[in-house]
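Descriptive analysis of the structure
The chain contents come next:
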Amino acid sequence: MIRQRETVLLDLTLPRTLRSIAERVPAETTAEIWVFDGVAERRAAEQHGIRLRPAFKPLVHWLIEERPADAASIDILYPVVVDVPPERFLREAYPAADLPHVPPITFAPLPPARYEATPPAYRAQTTLRDGTVRSAAIPAPNRWRQDASGERCLAPAGWLRLRSAESGAVVEDRPFPTDLEQAFAAFEAALAEIAVPDDPEVLIFEQFHVTLTCGAADRPLGVGSEGLRLTEALEEDLYFTALEHFRRRRGTGPQDRSAIVGQIVPEVRVAAPGADLHLTVATRPPPRLRPAAALDGPLPQDAIAAALDALGGQPFGTTSRQGRPVQGRGFGTDPGNAAMISAGQHGNEPTGIVGALRAAETLLASGERDLALCPLENPDGHALYLSAFARAPEHMHHAGRFTAAGNDIGQGTGVEEEVHRTARRQAGGLLHISLHGYPAHEWVRPMTGYLPAGYAEWMLPRGFMLILRTTAAHKPLAEAILQAAARAATLDPAIRALNATEIARARRYGVAIPRTIAGAPVFAKVVEDGRWPITLITEAPDESVSGPRFALLAAAQARAAVAAVGALRNFDPDAVAG
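Okay, so let's go over this structure.

Cut-offs and rules
Residues numbered from 1 in each chain as written. Predicted model: local features only at pLDDT ≥ 70, side-chain atom pairs only at ≥ 80, totals over all residues. Heavy atoms only, no water. Helix = DSSP H or I, 4+ residues; strand = E, 2+ residues; numbered from the N terminus. Buried < 20%, exposed > 50% of the residue type's maximum accessible area, 1.4 Å probe, protein only. Contact = heavy atoms within 4.5 Å. Pairing = 2+ DSSP bridges. Axes fitted to C-alpha atoms, helices over the stretch in contact; angles between N-to-C directions. Core = buried A, V, L, I, M, F, W, Y, C linked by side-chain atoms within 4.5 Å. Disulfide = S-S within 2.5 Å. Phe/Tyr/Trp six-rings, centres within 6.5 Å; stacked < 30°, edge-to-face > 60°. Lys NZ or Arg CZ within 6 Å of the ring centre and 35° of its normal. Salt bridge = Lys/Arg side-chain N within 4 Å of Asp/Glu carboxyl O.

1. Overview of unusual backbone geometry
Cis geometry is found at the peptide bond from Tyr94 to Pro95, where omega equals -5°. For Pro95, the location among the structural elements is in the loop between α3 (88-92) and β5 (105-109). A positive phi is found at Lys57, a non-glycine position, where the angle reads about 50°. If you trace the backbone, Lys57 turns up in the loop between β3 (50-54) and α2 (58-65). With relative accessibility at 1%, the residue Lys57 sits in the buried group.

Shown next, in the form of structure tokens:
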């Protein structure tokens, strides 16, 4: 492939909204204005008659900044908007009921409404310690817009509400285009400037970089690993908006993970107080390969390669689009009776990589030989993830999820898929154990509907989970494997405690968890014709974790894989029949 030159598509500077806030408020009026800036800058910019409120997660901010100090309990009615998922604003309230020093909270829905001209609003009824009841409306300003796939979505927005200083009557109530929203619109316009080759197998670009410096300050919440992380949320939105845009221009659906696009690299930085908003959009070639630095948590590729070498076995693999080796090992496998352990299909899910290596080490030490291993299927995505993790270890970095082509190995396309084909040819393929991860804290898209399109069921952590896919003929064996893996994954009391906390929290915000085994959520599905007769997928809440939490989840990954292979070897069909 010919290396592309750097092309700057957009270099935009916008004056910060807060610098001219007083100019927006006519004389003889007072104003409430909702913006995306952090609390310190909002407070510094407030003047007599002007109150600046947060456009992002307003209920959570209200509980932190404005709830009555002597509240004994709070009953909250959340808005339900016609043509929007009914749990949308319940999810936006997450993790309100779990905030430290907040009194007990209950949630109930308001009757559905359309909210075309006025913003949705939460209604809070606060019972004070002396028995007094105080009511408040907490607006959640949103406006209708189109997302990258052309669908209508309801997204958080700036808002301006003017009142007569004399009577208090509302004289103006409308969306207020903030600097951040203007920048996002300019970014969407810049997407259309990139030419898309006619050949769907040719990358649109090698790397597409988006760098935004704005007033989106972050704020810890003291609830697990949760925080008000607008910088992270914007990185996610920039990434997926671009990906969906280019998928659509390729002629596929926005959720078609097989479409070949290129690698998208977003970065959102916090501007200095009062500094201008700055946005750059550019295409460029990827950086030259260089050894990855060791990090406290996710393994760099040189460490993965060294661990593979130590295990021995018969090498197999291929080369990624950006020139990195995709390495696997076979260990004397018996066709038709083999298990394959893989990880790193999505480059930002790091604990499975360590778990796969540890599981293989344990199994080989016990005498297991009918095994194939590929601990890092997507080295290009993982390399991007490592770079982003070093910059912001608390972020999820879904920009590293897919391959350098912007597609998902699991969709059966791309050079990296050769590893699966080789492993199936070599191992025969009875059981595939695919170790995965998902966000360790809330995942949202503030500019395009709040709920992450195509991934809404993954937006809140639910502990260590397992997913089973099996053909009908193998269902009894598959169920035994699922049972064994779930019980092994939750052996550590710390995993059981993590699961109990996260499951209870997720259910509070409308997440359905129909079945658990040993405290682990499990999902099973019979498929007519899978690539492997049985596929067991683990899902650890590991995107953004390091240190002790990383070690805890990596150990659970390894235990689940070892137990699954053990259940495969020790299965007694007569016992099931009996």
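Don't stop here, the text continues.
2. Remarks on the environment of Gly227
With respect to the helices and strands, Gly227 occurs in strand β14 (residues 227-228). Using a relative accessible area of 11% as the deciding quantity, one classes Gly227 as buried. Not counting chain neighbours up to four residues away, the residues in contact with Gly227 comprise Arg219, Pro220 and Leu221.

3. Points about the sheet that holds strand β1 (residues 7-14)
Across the sheet, 4 strands lie side by side as β1-β16-β12-β15; this open sheet has mixed pairing. Edge positions in the sheet fall to β1 and β15 (263-270), since each has one partner strand and no second. Taking the axes of each pair of neighbouring strands and ignoring which way they run, one obtains an average angle of 5° across the sheet. Bridging between strand β12 (residues 207-214) and strand β16 (residues 277-284) involves 7 bridges; their strand directions are antiparallel. Note on β16: the bridge partner recorded for Thr211 is Thr280. Set on the sheet, helix α5 (residues 230-249) makes contact with β12 and β15; between it and β15 the angle comes to about 155°.

4. Quick notes on the nonpolar core
Ranked by internal contacts, the top residues of the largest apolar core, which has 89 residues, are Leu59, Phe107, Phe187, Phe208 and Leu212. It is α5 that provides the largest number of residues to this core, a total of 9 residues. Ranked by size, the runner-up nonpolar core spans 54 residues in total, among them Phe331, Leu373, Leu552 and Ala554.

5. Structural notes on the state of the cysteines
In total, this model carries 0 disulfides according to the counting rule given. Free of any disulfide, Cys153 has its nearest cysteine sulfur in Cys214, 19 Å distant. Exposure remark for Cys153: the relative accessible area of 8% places this residue in the buried category.

6. Structural notes on the sheet that holds strand β10 (residues 159-164)
Read across the open sheet, the 4 strands follow the order β3-β2-β10-β11; overall the sheet is mixed. With partners counted over all chains shown, the strands left at the sheet margins are β3 and β11 (170-175), one partner each. Strand-to-strand twist of the sheet, defined as the mean angle between neighbouring strand axes without regard to direction, takes the value 10°. Judged from the 5 bridges that link them, strand β2 (residues 29-35) and β3 form a sheet pairing that is parallel. Residue pairing across strands places Trp34 opposite Arg53, the latter belonging to β3.

7. Details of the packing of aromatic side chains
The description of an aromatic ring pair rests on the distance of the ring centres and on the angle between the ring planes. Tallied over the entire structure, the rule returns 13 aromatic pairs. Look at Phe240 and Tyr455: their rings are 5.6 Å apart centre to centre, the planes differ by 55°, and that puts the pair in the tilted class. Of this pair, Phe240 sits in helix α5 while Tyr455 sits in the loop between β21 (431-439) and β22 (465-470), and the two are 215 residues apart along the sequence. The exposure class of Tyr455 is buried, given its relative accessible area of 3%. Each member of the aromatic cluster is reached from another via a ring pair, and the members are Tyr239, Phe240, Trp443 and Tyr455. A cation over an aromatic ring shows up here: Arg88 above the ring of Phe89, its NZ or CZ 4.4 Å from the ring centre. Stacked on the ring of Trp458, the Lys or Arg Arg462 has its end atom at 5.1 Å from the ring centre.

8. A word on the pattern of salt bridges
For the structure on display, the rule yields 33 salt bridges. The partner of Asp173 in a salt bridge is Arg161, with the nearest N and O atoms 2.9 Å apart. Placement of the pair is Asp173 in strand β11 and Arg161 in strand β10, with a sequence separation of 12 residues. A single network of salt bridges, built from pairs that share partners, joins Glu32, Arg42, Arg43, Glu46, Arg51, Arg53, Glu65, Glu66 and Arg219.

9. Examining α2
In terms of burial, α2 is a largely internal element, 6 of the 8 residues being buried. Listed as buried for α2 are Pro58, Leu59, Val60, His61, Trp62 and Leu63.

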